[in-house]
Amino acid sequence: MAYDATGRLHEIFDEQQVSEKFRKREFVLEVQDGQYPEHIKFQLVQDKTALIDAYKVGDEVKVTFNLRGRGFNKNGQMLYFTNLEAWRIEAGTGGGAPAGGGYNQQAAPRAAAPAQNQNPNLRAAPAAPIAGDDDNDLPF
């Protein structure tokens, strides 16, 4: 599922060569969410690490990203981590974005009306069509 966030670039880190076959670059986006700004760290991987080169700290940008999660076993204990993996960066539009940046919500096409998100700043694009009510055995 793809999401996007609009905000101001707060920090850009150097590229890291994590292993022989994996490299990443992280950056922080400052997003206005209510009274206090949020500082959200994203990562660019492999051939996407250069996407941030065209921008500098302080620029307004729109970041399109995927939410990634993985688990791994360390010393017999299962640990989990989550990454926001950016794959597109565009100059901020300024037109429809809230003052100071923010998330944007996009309605996903569904058979029934979508549930309202309590945070109108979060934007999700549909990954796949959702099955109709006739396709399940749930009593509600």
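Looking at an unreviewed UniProt entry, the protein carries the name DUF3127 domain-containing protein, with the source organism given as Hymenobacter aquaticus.

Q: Please provide a residue-by-residue account of the environment of Lys62, values included.
A: Along the chain, Lys62 falls in strand E5 (residues 60-74). With near-sequence residues (within four places) excluded, Lys62 lies in contact with Asp4, Ala5, Thr6, Arg88, Ile89, Glu90, Ala91 and Gly92.

Q: Can you tell me about the nonpolar core, naming the residues and giving the values?
A: Core analysis: the biggest nonpolar cluster contains 17 residues, and Phe27, Leu29, Phe42, Val63 and Phe65 have the highest contact counts within it. For this core, the secondary-structure elements that each account for two or more residues are strand E1 (2-12), strand E3 (22-33), strand E4 (36-45), E5 and strand E6 (77-91). If sequence neighbours within four positions are ignored, Phe65 has contacts with Met1, Ala2, Tyr3, Asp4, Ala5, Phe42, Leu84, Glu85, Ala86 and Trp87.

Q: Go over the pairing of E5, please, and point to the residues and values.
A: Where E1 meets E5, seven bridges bridge the pair, whose relative direction is antiparallel. Residue Asp4 lies in a different strand from E5, and its bridge partner there is Thr64. Pairing geometry for E5 and E6, over 14 bridges, is antiparallel. Residue Gly71 lies in a different strand from E6, and its bridge partner there is Tyr80. Remark: two residues form the turn of the hairpin made by E5 and E6, two consecutive strands paired antiparallel; Asn75 in that turn has positive phi of roughly 55 degrees.

Q: Summarise unusual backbone geometry; cite the residues concerned and give the values.
A: Although it is not a glycine, Gln46 sits at a positive phi angle of roughly 50 degrees. Examined against the element boundaries, Gln46 turns out to sit in the loop between E4 and E5. The backbone of Asn75 shows a phi angle near 55 degrees, a positive value even though the residue is not glycine. Structurally, Asn75 can be placed in the loop between E5 and E6. Judged by relative accessible area, which is 76%, Asn75 ranks as exposed.

Q: Account for the packing of aromatic side chains, naming residues and giving values.
A: For the structure on display, the rule yields four aromatic pairs. Taking the centre distance of 5.0 Å and the plane angle of 65 degrees together, the rings of Phe42 and Phe65 count as edge-to-face. Here Phe42, found in strand E4, pairs with Phe65, found in strand E5; they are 23 residues apart in sequence, far enough to count as distant. With respect to burial, Phe42 and Phe65 carry one shared label: buried. The rings of Tyr3, Phe27, Phe42 and Phe65 are connected pair by pair, giving a single aromatic cluster.

About the cut-offs
- Residues numbered from 1 in each chain as written.
- Predicted model: local features only at pLDDT ≥ 70, side-chain atom pairs only at ≥ 80, totals over all residues.
- Heavy atoms only, no water.
- Helix = DSSP H or I, 4+ residues; strand = E, 2+ residues; numbered from the N terminus.
- Contact = heavy atoms within 4.5 Å.
- Core = buried A, V, L, I, M, F, W, Y, C linked by side-chain atoms within 4.5 Å.
- Buried < 20%, exposed > 50% of the residue type's maximum accessible area, 1.4 Å probe, protein only.
- Pairing = 2+ DSSP bridges.
- Phe/Tyr/Trp six-rings, centres within 6.5 Å; stacked < 30°, edge-to-face > 60°.

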